[in-house]
Amino acid sequence: MTHDNKRFVARDRNWHPPAYAPGYKTSVARSPQQALVSMQQPTASELTGPDFSHLRMGPHDNDLLLNFRQDPSHAGLPQGERIIMFGRVVDQFGKPIPHTLVEMWQANAGGRYRHKNDKYLAPLDPNFGGVGRCLTDEHGMYRFRTIKPGPYPWPNDMNSWRPAHIHVSVTGPSISTRLITQMYFEGDPLIPLCPIVHTLKDPLAVETMVGRLDMAHSKPMDYLAYRFDVVVRGELQTFFENQ
Amino acid sequence: MNQPNSQPTSSLMLRETASQTAGPYVHIGLALAAAGNPVRDEEIWNEMAKPNTEGEPIEVVGTVIDGNGDLVRDAFVEAWQADANGHYQADYDLSKPFNSFGRTATTFDHGSEWSLTTIKPGAVKHPSGQLMAPHINLTLFARGVNIHLQTRLYFDDEAEANAQCPVLTRIESPARRQTLIAKREEVDGKVRYRLDIRLQGEGETVFFDF
């Protein structure tokens, strides 16, 4: 199999956050100082990637209201605002990306993560794990049912708070399209105060990470819906011989 | 779509969704056992090759080190490599003896090493027609890393192939090429390769854009 005619739209490194963003203090000692080496001609090693269509999922892997029930006979639900987070994974040319793996993780309604290193004052929720995964359907759509995570304080500036957010990981058709981002919630006043959000220079780039309240897809007397579309790098074919 | 990147730019393209750090709790979502949480029936993890896989069984290990020389204990790494015949097996299926994709993470304990159980990959063809030296693509995520870092791991017992690899030799500084070359060790009769990833400063690992 040859991949010689395939390539991806170059990643715009000025659109994404730079490695060194001193306002986010942890990046200072974790950012390379040397320039990235540009691979002018990506190879099969970069142009291919894993296909997770055959990864066996559990029935509630995308339903965080149900997927941490320790005792199925106990009908406990997590505390918090019930929401649906959904959207489409498309490439830069608007082409839907079907059957790709979307993974997410988040804090509970009090802003506490179920992680052995998180020691925040807010309590763990016995009915909430905070992890989900699913494959996009044939139209590139994905969907999770969860609760809205709470904001939480973190040691950066003297009083830094993360806006409510859900971490989102998308594979796409190749390791070249791999992307991890965070979905913020429309209207959250903590977004413009966040040092991690500020690693982005372009306010439009920040807007690409804001999930929008979607009343049409919310369910009366049940849940609100937030729409979050994800755009991954566009795939191109080279049409002409290079000579 | 109603986000602003839903509108094509002047080049008739959408803008890529922006990257954000995977944060200190990446394990909750992508490495559940490392977070101290229960695992699901099938998890994507670091056993890429089962004992019956064709090829030389190897372990690949290393640390991740920051600009102060300290261990990065919350790094998460993804691997992508060819099988022993130089072919990528894209279909991820845990019932197969070998998968080209794997995940690992540095640990919170003393040594803080990531590790992969795999086989030595075969050589893959470069678009020029030349063969590239055997290698494993590694992608690194961590708290403080705003967009993932992409590198390659090569093998120190492939000196001849390494000297001719069209990707490795594209790195202008010969000294910097050495930052990608894992050192072979034999431990209890088992073959292990070690590569420490240095994020910044002296001996900084080469990271690629592609």
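This structure is a prediction, so every number in the text was calculated from the model and none was measured. (Residues numbered from 1 in each chain as written. Chains lettered and ligands numbered in written order. Predicted model: local features only at pLDDT ≥ 70, side-chain atom pairs only at ≥ 80, totals over all residues. Heavy atoms only, no water.)

**Overview of the overall build of chain A**
As a reminder, the rule being used: Secondary structure elements follow DSSP: runs of H or I of four or more residues count as helices, runs of E of two or more count as strands, with numbering from the N terminus. Note on method: radius of gyration uses C-alpha positions; expected globular size equals 2.2 Å times residues raised to 0.38. Burial here depends on accessible area, computed with a 1.4 Å probe over protein chains only, as a share of the maximum for the residue type. Under 20% is buried, over 50% is exposed, and the range in between is partly exposed.
In terms of regular secondary structure, chain A is built from two helices and 14 strands. Against the compact-globule benchmark of 18 Å for 243 residues, chain A has a radius of gyration of 20 Å, which places it among compact chains. Referenced to the eigenvectors of the C-alpha coordinate spread, the extents of chain A come out at roughly 65 × 45 × 35 Å. Counting all 243 residues of chain A, 55% fall into the buried class.

**A few points about the side chain of Ser-100 of chain B**
Residues and elements named next belong to chain B. How we decide: Polar contact is the term for a pair of N or O atoms within 3.5 Å; when the atoms are in protein, one must be able to donate a hydrogen and the other to accept it, and sequence-neighboring residues count only if both atoms are side-chain atoms.
Looking at the element boundaries, Ser-100 is found in the loop between β3 (76–81) and β4 (101–105). For Ser-100, a relative accessible area of 0% gives the class buried. In terms of polar contacts, Ser-100 uses its side chain to reach the backbone carbonyl oxygen of Gln-81, at 2.7 Å. Within the structure, Ser-100 has its side chain in polar contact with the backbone nitrogen of Gln-89 (distance 2.8 Å).

**Details of the confidence of the model for chain B**
Selection rule: As a per-residue measure, pLDDT reflects the predictor's confidence and takes values from 0 up to 100.
For chain B, per-residue confidence averages 95 on the pLDDT scale, and residues scoring 70 or more make up 96% of the total. Interface confidence for the predicted complex, given as ipTM, is 0.96, next to a pTM of 0.96.

**Describing the packing of aromatic side chains**
The criterion, for reference: Pairing of aromatic side chains requires ring centres within 6.5 Å, counting the rings of Phe and Tyr and the six-membered ring of Trp. Pairs whose planes differ by under 30 degrees are stacked, by over 60 edge-to-face, and all others tilted. Whether a charge lies above a ring is judged from NZ of Lys or CZ of Arg, which has to be within 6 Å of the ring centre and within 35 degrees of the ring normal.
Under the counting rule described, the total for this entry stands at eleven aromatic pairs over all chains. Pairing Tyr-142 of chain A with Phe-144 of chain A gives two aromatic rings, centres 5.8 Å apart and planes at 55°, and the pair type is tilted. The pair Tyr-142 of chain A / Phe-144 of chain A is uniform in exposure class, with both members buried. Seen from their ring centres, Phe-76 of chain B and Phe-141 of chain B are 6.0 Å apart, and the 45° between their planes marks the pair as tilted. In this pair, Phe-76 of chain B sits in strand β3 while Phe-141 of chain B sits in strand β6 (residues 135–141), placing the two residues 65 residues apart along the sequence. For the residue pair Phe-76 of chain B and Phe-141 of chain B, the accessibility class agrees, reading buried in each case. Grouping aromatic residues by their ring pairs yields a cluster made of Phe-52 of chain A together with Tyr-92 and Phe-101 of chain B. The ring of Phe-86 of chain A carries the charged tip of Arg-143 of chain A above its face, separated from the ring centre by 5.7 Å.

**Describing the side chain of Ser-160 of chain A**
Residues and elements named next belong to chain A. Rules: By the convention used here, residues are in contact when the closest approach between their heavy atoms is within 4.5 Å.
Here Ser-160 shows up in strand β8 (residues 160–162). Of the polar contacts made by the side chain of Ser-160, one reaches the backbone nitrogen of Asp-157; its length is 2.9 Å. With residues near it in sequence (within four places) discarded, Ser-160 still touches Tyr-152, Pro-153, Trp-154 and Pro-195.

**Comments concerning the pairing of strand β9 (residues 190–194) of chain B**
Residue and element names in this part refer to chain B. Defined as follows: Pairs of strands are assigned from DSSP output, requiring at least two bridges between the strands.
The alternating pattern of β9 places Val-191 and Tyr-193 on a buried face and Lys-190, Arg-192 and Arg-194 on a face that is not buried. With three bridges connecting them, strand β1 (residues 57–62) and β9 associate as parallel partners. The partner of Val-61 across the bridge, within β9, is Arg-194. In terms of strand pairing, strand β8 (residues 181–187) meets β9 through five bridges, oriented antiparallel. Along β9, the bridge assignment pairs Glu-185 with Arg-192. Connecting β8 to the next strand, β9, in antiparallel fashion are two residues, including Asp-188 with a positive phi near 50°.

**What to know about the nonpolar core**
This is how it is decided: Buried Ala, Val, Leu, Ile, Met, Phe, Trp, Tyr and Cys residues form a nonpolar core when they are joined through side-chain atoms within 4.5 Å.
Ranked by internal contacts, the top residues of the largest apolar core, which has 26 residues, are Tyr-154 and Phe-208 of chain B. Membership of the second largest hydrophobic core comes to 25 residues, among which are Met-48, Ile-136, Leu-138 and Leu-153 of chain B.

**Re the pattern of salt bridges**
All names here are of chain B. For the record, the criterion: One speaks of a salt bridge when a side-chain nitrogen belonging to Lys or Arg is within 4 Å of a carboxyl oxygen belonging to Asp or Glu.
Tallied over the full model, the rule gives 26 salt bridges over all chains. Linking Arg-194 and Glu-113 is a salt bridge whose minimum nitrogen-to-oxygen distance equals 2.7 Å. With a gap of 81 residues between them, Arg-194 in strand β9 and Glu-113 in the loop between β4 and β5 (114–119) connect regions that are remote in the sequence. Classification of Glu-113 as partly exposed rests on a relative accessible area of 30%. A network of salt bridges, in which partner residues are shared, links Glu-56, Lys-120, Asp-157, Glu-158, Arg-184 and Glu-186.

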